[in-house]
Amino acid sequence: MTTGHVPWPPETAARYRAAGHWRGQTFGALLTSLAAAYPERTAVVGGEVRWTYAELDERAHRIAAGLLDAGLLPGERAVLQLPNIPEFLPVVFGMWRAGVLPVFALPAHRGTELRHFAEQSEAAAIVTVGVHERHDHAATAREVAAECDSVRRVLVVGSEEFDDLARTAPRELPDPDPAGVAFLQLSGGSTGLPKLIPRTHDDYLYSVRESARICALRPDSVYLAALPVAHNFPLSSPGVLGALHAGAAVVMAPRPDADTAFRLIEAEGVTITGVVPPLAAAWVQAAGRTARDLSSLEVLLVGGAKCGRELAERIGPALGCRLQQVFGMAEGLVCYTRLDDPDETVLTTQGRPISLDDEVRVVDPDTGADVPDGEPGALLTRGPYTIRGYYRAEEHNATAFTADGFYRTGDLVRRAPGGQLEVVGRAKEQINRGGEKVAAEEVENHLMAHPGVLDAAVVAVPDAYLGERTCAYVVPAAGAEPTGPELRSFVRGRGVAAFKVPDLVQVVAEFPVTGVGKTSKRELRVALAALARKE
Ligand code: OOB
């Protein structure tokens, strides 16, 4: 067992095994069987690269051996920060075969976040690219490595050194424990810094297998990875892993804009892809004036943030495909509308859970008592692919999970009698910026590091395009006069993802007083968010 991982109770694990959910297969073993079943089929396409399953398999074997020869040990962690390039897949499968646990950073993350991931996981390596979209990832990784004692290696995919590593002679390696942690995902978070989410081969593979089935993936499907592929949605819902599980082809889109995506849909005959609502809206608009042939597209998954009915209604007609809503979280639970659901269900709900063994409770946020179907309440869940605890976060786990192992999602939902969930709001201190999650407290901490800031409260304001944007209310320190642009560039300069830089900054003399008397951050945020909505 990996230290810091909260396992399922043994009797629950036994039940998931007996039900056939957990099959004792690792991702490495899965790729071996895929390469045997579909050796000549295309596995992944991107840029100049086109690899068959046999080629992907061989490359992953070589990289696994190369990583071990480079001094990484089975069980060690490596922060992985790769954009949507074909190499993502052999590198991840190579790490899985070597037993090295990827920590899935996003390309948008910067030094402060990478350092946190490396420290939190005591990573032995950072695996990244060189310059990508004008940012020198290799340079950032080296800076982080210099500051983190645990980080011994920086491996730059695309460098000569990495090409050599990827040419290492393949060899048989012991298969890691399928019940052990395979990798660490990142939580959207609501507290100071993102938490790490330990996922096992057994549990993740179950969600991938079922997602591929629910989304009707077949060997002749073609999945376009439009969103950053390390995120749970394009990774596994059904994502690139679901596509591979079905023997389908994965196409890596370097960017998610309509021009790039439509070109690839036409050129590769893409049948299915997944996007966040703002991107779906942009594609719907662009579809009206494109000369591209999008007729191969059968399914568009939309999730990560609420897809309102108006947008949902326009997707099918504009793009000539079926909409599938997906409501998921890196911690586990994923819900889909089904392809044979009535239109009304697809347009107005975020679907129902993958598994009959996903336990869902909708409770009164104050009393914790279950509310009847149709009533809004806080969503709690546990099940065969939902974690029982964050990685090395005992204190946080005590409040993020109930004593009997339910994860408190922080989402407010309504459940229909058929089990479909409709997301109606959020109880967590998080801003959902078009699918990108911003923890209010994390940004507040960055703002409060500025000498001219006495106090800060970050809230969501409604936005026609993104759904929500961030607004930072700031109380200046005595005698200081910080301006919005100054504070925004200060936060950016702290080395964080651009999506965390507040969209709006309001400098106020004091926080509006809420009739409550006590100015707790939580109450303040609620009041400020209400104020911002009115404005
Ligand atoms: C996905 O995962 P995360 O971990 O980035 O974010 C999870 C949170 C949920 O708790 C919820 O607040 C929000 O994102 N969310 C949605 C939603 N899908 C996710 N809120 C409303 N409607 C939806 N359809 O975002 C994620 C993971 C796997 C699949 C899809 C999305």
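Residues numbered from 1 in each chain as written. Predicted model: local features only at pLDDT ≥ 70, side-chain atom pairs only at ≥ 80, totals over all residues.

### Here's the deal with the overall build of the protein chain
Helix and strand content of the protein chain: 18 helices and 26 strands. Radius of gyration (C-alpha) of the protein chain: 23 Å, near the 24 Å computed for a compact globule of 535 residues. Taken along its principal axes, the extent of the C-alpha atoms in the protein chain is 65 × 55 × 55 Å. For the protein chain, buried positions account for 52% of its 535 residues. (Helix = DSSP H or I, 4+ residues; strand = E, 2+ residues; numbered from the N terminus. Rg over C-alpha atoms; globule rule 2.2 N^0.38 Å. Buried ≥ 20, exposed ≤ 12 C-beta atoms within 10 Å, placed from the backbone.)

### Comments concerning the domain arrangement of the protein chain
The domains assigned to the protein chain are domain 1 (26–37 + 49–177) and domain 2 (430–534). Computed from C-alpha atoms alone, the centre-to-centre distance between domain 1 and domain 2 is 36 Å. Looking at the side of domain 1 that touches domain 2 residue by residue, the class counts come to one nonpolar, three polar and two charged. (Domains from an automatic or database assignment. Nonpolar A, V, L, I, M, F, W, Y, C, P; charged D, E, K, R; others polar.)

### Quick look at the sheet that holds strand E18 (residues 359–363)
One key point about sheets: their strands pair by backbone hydrogen bonds, in either a parallel or an antiparallel sense. The strand order E18-E19-E20-E21 describes an open sheet built from four strands, whose pairing is antiparallel. Since the sheet does not close on itself, it has two edges, and those belong to E18 and strand E21 (421–426), each with one partner. Here the average twist between neighbouring strands, direction ignored, is 45°. Note that E18 and strand E19 (residues 377–382) share five bridges and pair antiparallel. When the bridges of E19 are listed, Glu-359 appears paired with Arg-382. (Pairing = 2+ DSSP bridges. Axes fitted to C-alpha atoms, helices over the stretch in contact; angles between N-to-C directions.)

### Quick notes on the site of the ligand
Looking at the ligand, there are 22 residues lining it, with Phe-233, Phe-327, Gly-328, Met-329 and Ala-330 nearest. For the shell around the ligand, the elements supplying multiple residues, two or more each, are helix H9 (232–236), strand E15 (322–329), strand E20 (407–415) and E21. Here the shell around the ligand takes five residues from E15, the largest share from any one element. Tallied by class, residues from the shell around the ligand come to eight nonpolar, ten polar and four charged. (Near = placed C-beta within 6 Å.)

### Concerning helix H13 (residues 309–319)
Residues of H13 that are buried: Ala-312, Ile-315 and Leu-319. Considered in projection along H13, the buried side chains sweep an arc of 75° and stay on one side of the axis. For H13, the exposed residues lying more than 90 degrees away from the buried face are Arg-309, Glu-310 and Pro-317. Among the structural elements, helix H12 (277–287), strand E14 (299–303), E15 and helix H14 (343–348) are those in contact with the buried residues of H13. (Arc of directions from axis to C-beta. Contact = placed C-beta atoms within 7 Å.)

### Here's the deal with the packing of helix H5 (residues 111–121) against helix H6 (residues 137–147)
The N-to-C vectors of H5 and H6 enclose an angle of 45°; their axes lie 9 Å apart at closest approach. Between H5 and H6, the angle falls in the class oblique. With respect to the hand of their crossing, H5 and H6 are arranged in right-handed fashion. Counting all contacts with H5, which are made through Gly-111, Leu-114, Arg-115 and Ala-118, the residues of H6 involved are Thr-140, Ala-141, Glu-143, Val-144 and Glu-147. Residue composition of the contact of H5 with H6, grouped by class: four nonpolar, two polar and three charged. (Parallel < 35°, antiparallel > 145°, perpendicular 65-115°, else oblique. Left-handed = near helix turned anticlockwise from the far one by under 90°.)

### Comments concerning the pairing of strand E4 (residues 101–104)
Alternating positions in E4 separate into two faces, Leu-101 and Val-103 on one and Pro-102 and Phe-104 on the other, with burial throughout. Where strand E3 (residues 77–80) lies against E4, four bridges are found, and the strand directions are parallel. In the strand pairing of E4, Leu-80 is matched with Phe-104. A crossover links E3 with its parallel partner E4, the connecting element being helix H4 (residues 88–98), and its sense is right-handed. (Right-handed = clockwise from strand over helix to strand, strands pointing away.)

### Examining the nonpolar core
Core analysis: the largest hydrophobic core is formed by 140 residues, its most contacted members being Ala-78, Val-103, Ile-126, Val-250 and Val-251. The leading source of residues in this core is H4, at eight residues. Not counting residues within four places of it along the chain, the set of residues in contact with Val-250 comprises Ala-43, Val-44, Tyr-223, Ala-225, Val-240, Ala-243 and Leu-244. By size, the runner-up hydrophobic cluster in this structure holds 24 residues, among which are Ala-460, Ala-472, Val-491 and Leu-528. (Core = buried A, V, L, I, M, F, W, Y, C linked by C-beta atoms within 7 Å.)

### Things to note about the UniProt feature "domain: AMP-dependent synthetase/ligase" (unreviewed entry) in the protein chain
Mapped onto the present numbering, the UniProt feature "domain: AMP-dependent synthetase/ligase" (unreviewed entry) falls at residues 35–391. Taken end to end, residues 35–391 comprises 35% helix and 24% strand; its first and last C-alpha atoms sit 33 Å apart. (UniProt positions renumbered as here; feature names shortened; annotations may be inferred.)

### Observations concerning the sheet that holds strand E25 (residues 467–476)
Taken in spatial order, the three strands of this open sheet run E24-E25-E26, and their pairing is mixed. Where the open sheet ends on each side, the last strands, each with one partner, are strand E24 (453–463) and strand E26 (504–507). The average angle at which neighbouring strand axes cross in this sheet is 25°, direction not considered. Alignment of E25 against E26, held across four bridges, turns out to be parallel.

### Re the confidence of the model for the protein chain
On average, residues of the protein chain carry a pLDDT of 96, and 98% of them reach 70 or more. In the model output, the complex is listed with pTM 0.97 alongside ipTM 1.00. (pLDDT = per-residue confidence, 0-100.)

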